[in-house]
Amino acid sequence: MAANPQFAPPRMLMFTLSELNPELRRDPHALLDAQRAQAIAERDPTIPAVLITAYETGRDMLSDPKLSRNFEHAPPENFIINGIRRVNAAVEAEFGKHETMLVLEDGEHARVRGIVAKAFLARAAQARPLIERVVDAALARLEGRAGFDIVSEYACRIPIHVLGPILGCAEGDLDQLRAWTEAGQSAFDPTRTEEAFANAIAGRRGILGYFRDLIAARRAAPGDDLVSDLIAAQGEGAPISDNEILHNLFALLVAGHLTTADLIGNCVMLLLTHPEARARIEADPALIAPAVDEALRYEPPITQTARFPTSGGEIAGCPYHKGDALTVNLMAANRDPAAWENPHTFDITRRPNPHLAFGAGSHMCVGAPLARLEGQAAVLGLLKRYPKLRRAEEGAPPWRATPGVRGLATFEVAVD
Ligand code: HEM
């Protein structure tokens, strides 16, 4: 049948420019640069969402206090958001409302984030020796091997083993917590199977049940961990409910695991494919700090973050409606030629480097200082231990097909 030249199917903007599209995974910036050149903000005709690809527009939108991060404002036609809503609804009767700082608004957000971030960042600031121990242990497990997968055998073993002791989870529980956390990612994927979705719900139940028991245990006998800190703060009058403590412990665990593992994997991959940058770090290890931030700019582990307006408006000439997911593509913003000199050059001495990998505004990532410390220690530790580290395979690295995530499925290396 001859194609009808009059017929133009609706452009599925959010899908085409998501990690579900193999073309985007292979070469994201060919598509994202073309999109930005066409429109820095465009409404998707198939989902109530606006895609923003420009740095300044994206940063200002994320920082706009009038916009909410609560996806409950999104209409039911937003089938991407619906996955998360369904998981929340499935556990609400048993575990209460999803009151994480990610979705709380205005004063409620400031109150809860203030209490949780204060306690969490105090622990993160002391975490350097713990991180060094975790990195050493991850390296020790690889001793004697001629090669291994950076993602599953190194990067994924670090953040959970740092977060565990910080939050108060026992070492023996971490493999289970990790499996529950990873099962949750399918909630974001509209192409998931029902089985994967059931696992996401089971994972959420598992984590919330675990923290509910842990809170009860620490209330009876305090320990040296964040759960005990939050219970103590509550006891001293900090205005935070039991339910808010529970759900925010869940948020810290889930937000801090794969994101940071992907940062480590991406940064190793970038340094092995940019030998001159690696040589500079080997000559001057202090360069690992700007190198990790450049890796965050160049390959941000989270590629999208959104706000939900409570009334209609306009952004960069593009009209939006109440509840539209105003979504910044962080990969695109971090390589916007209007904001960055040579945006597609991986330059570890780039200064300043105000990338959007951790978002912006009042919801900006609370774990950024910890993620940076972990990324720096994990990558430097690996380079120091294996001076001959090199990639063991040819071809484009395999990126995972998880929407909103830029993370490698595997990255095989040889060490001699
Ligand atoms: C490289 C690693 C990480 C990346 C790329 C990352 C990225 C992000 C992004 C993009 C946001 C949304 C910000 C916005 O919408 O403006 C966010 C929020 C958040 N992140 Fe991270 N994150 C990382 C590590 C961590 C870690 C280690 C933790 C804690 C253990 C954490 C906890 C959170 C929390 C609780 C929020 C919600 C903050 C709020 O809404 O007030 N993240 N992160």
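Preceding this paragraph is the structure being described.
Computed from a predicted model, the values in this text were never measured in an experiment.

**A word on the site of the ligand**
- If you check the shell around the ligand, you find 29 residues, and the closest are His109, Thr305, Arg307, His363 and Cys365.
- A distance of 3.0 Å separates an oxygen atom of the ligand from a polar atom in the side chain of Arg69.
- Contact distances for the ligand include 2.7 Å between an oxygen atom and a side-chain N or O atom of His363.
- Secondary structure elements with two or more residues in the shell around the ligand: helix 6 (106–125), helix 13 (242–256), helix 14 (258–273) and strand 4 (304–307).
- A breakdown of the residues in the shell around the ligand according to their chemical character gives 17 nonpolar, nine polar and three charged.

**Concerning the coordination of the iron atom of the ligand**
- Of all protein atoms, Cys365 (SG) alone acts as a donor to the iron atom of the ligand, lying 2.3 Å away.
- Tracing the backbone shows Cys365 in the loop between helix 17 (330–333) and helix 18 (368–385).

**Details of helix 13**
- Taking 1.5 Å per residue, 15 residues should reach 21 Å; helix 13 reaches 21 Å between its end C-alpha atoms and fits that length.
- By the criterion of burial, helix 13 is predominantly enclosed, with twelve of the 15 residues buried.

**Here's the deal with the packing of aromatic side chains**
- According to the stated counting rule, one finds five aromatic pairs in the structure shown.
- With centroids separated by 6.0 Å and ring planes inclined at 25°, the aromatic side chains of Phe15 and Phe79 adopt a geometry described as stacked. Of this pair, Phe15 sits in helix 1 (residues 13–16) while Phe79 sits in helix 5 (residues 79–95), and the two are 64 residues apart along the sequence.
- The exposure class of Phe79 is partly exposed, given its relative accessible area of 34%.
- Arranged with centres 5.7 Å apart and planes meeting at 80°, the rings of Tyr210 and Phe211 form a pair that is edge-to-face. Judged on exposure class, the residue Tyr210 and its partner Phe211 are both buried.
- The aromatic ring of Trp340 is capped on one face by Arg297, whose charged end is 5.2 Å from the ring centroid.

**Focus: the sheet that holds strand 1 (residues 41–43)**
- With respect to topology, four strands assemble into an open sheet ordered 1-2-7-4, the strand pairing being mixed. The sheet terminates laterally at strand 1 and strand 4, the two strands that pair on one side only. Direction aside, neighbouring strands of the sheet carry axes that sit 25° apart on average.

**Details of the pairing of strand 2 (residues 49–52)**
- Alternating residues of strand 2 divide into Ala49 and Leu51 and Val50 and Ile52, and every residue in both groups is buried.
- Two successive antiparallel strands, strand 1 and strand 2, enclose a turn made up of five residues.
- Judged from the four bridges that link them, strand 2 and strand 7 (residues 325–329) form a sheet pairing that is parallel. Following the sheet pairing, Ala49 is matched in strand 7 by Ala325.

**With respect to unusual backbone geometry**
- Put simply, Arg351 and Pro352 share a cis peptide bond, and its omega is -5°.
- Relative to the elements of secondary structure, Pro352 occurs in the loop between helix 17 and helix 18.
- Of note in the backbone geometry, Ala316 takes a positive phi value of approximately 45° without being a glycine.
- Residue placement: Ala316 occurs in the loop between strand 5 (313–315) and strand 6 (318–320).
- In this structure, Asn342 takes a positive phi of about 40° despite not being glycine.
- Looking at the element boundaries, Asn342 is found in the loop between helix 17 and helix 18.

**Observations regarding helix 18**
- The end-to-end C-alpha separation of helix 18 is 26 Å, in line with the 26 Å expected for 18 residues at 1.5 Å each.
- In terms of burial, helix 18 is a largely internal element, 14 of the 18 residues being buried.

**What about the pattern of salt bridges?**
- Within this structure, the stated rule accounts for 25 salt bridges.
- We note a salt bridge from Arg111 to Glu108, for which the minimum N-O separation is 3.4 Å. Pair noted here: Arg111 and Glu108 are both in helix 6, with a separation of three residues, about one helical turn.
- For Arg111, a relative accessible area of 23% translates into the label partly exposed.
- Judged by relative accessible area, Glu108 falls into the partly exposed class, the value being 42%.
- In this structure, Glu244 engages Arg111 in a salt bridge whose closest nitrogen and oxygen atoms are separated by 2.8 Å. Placement of the pair is Glu244 in helix 13 and Arg111 in helix 6, with a sequence separation of 133 residues.
- Through salt bridges that share partners, Asp33, Arg36 and Asp336 make up one connected network.

Cut-offs and rules
- Within each chain, residues carry numbers counting from 1 in the order of the written sequence.
- Totals for whole chains, interfaces and linings use all residues, but because this is a predicted model, local features are given only for residues with pLDDT of at least 70 and pairs of side-chain atoms are given and counted only at 80 or more.
- Water and hydrogen atoms were dropped before computing side-chain values, which therefore reflect all heavy atoms in the structure.
- To be near a molecule or strand, a residue needs just one of its heavy atoms within 4 Å of it.
- We define a polar contact as two N or O atoms separated by no more than 3.5 Å, with the added condition that, inside protein, one atom must be a possible hydrogen donor and the other a possible acceptor, whereas residues neighbouring each other in sequence contribute only through side-chain atom pairs.
- Helix and strand assignments follow DSSP, with helices taken as H or I runs no shorter than four residues and strands as E runs no shorter than two, numbered in order from the N terminus.
- Classification convention: Asp, Glu, Lys, Arg as charged; Ala, Val, Leu, Ile, Met, Phe, Trp, Tyr, Cys, Pro as nonpolar; all other residues, Gly among them, as polar.
- Listed donors are limited to N, O and S atoms within 2.8 Å of the metal, widened to 3.2 Å for Na, K and Ca; water is not among them, so incomplete-looking sites are possible.
- Every helix has an expected span of 1.5 Å times one less than the residues it contains.
- The buried label applies to any residue whose accessible area, calculated with a 1.4 Å probe on protein chains only, is under 20% of its type's maximum; exposed applies above 50%, and partly exposed to all values in between.
- Within 6.5 Å between ring centres, the rings of Phe, Tyr and Trp (the latter by its six-membered ring) count as paired, and their orientation is classed by plane angle as stacked under 30 degrees, edge-to-face over 60, tilted in between.
- The rule for a charge over a ring is simple: NZ of Lys or CZ of Arg within 6 Å of the ring centre, and within 35 degrees of the ring normal.
- Paired strands, as defined in this entry, are two strands with at least two bridges between them according to DSSP.
- To get an axis, a line is fitted to the C-alpha atoms, and for a helix only the part in contact is used. The angle between two axes follows their N-to-C directions and goes from 0 to 180 degrees.
- Definition used for salt bridges: Asp or Glu carboxyl oxygen within 4 Å of a side-chain nitrogen of Lys or Arg.

Such coordinate-based values are descriptive only and should not be taken to indicate function.
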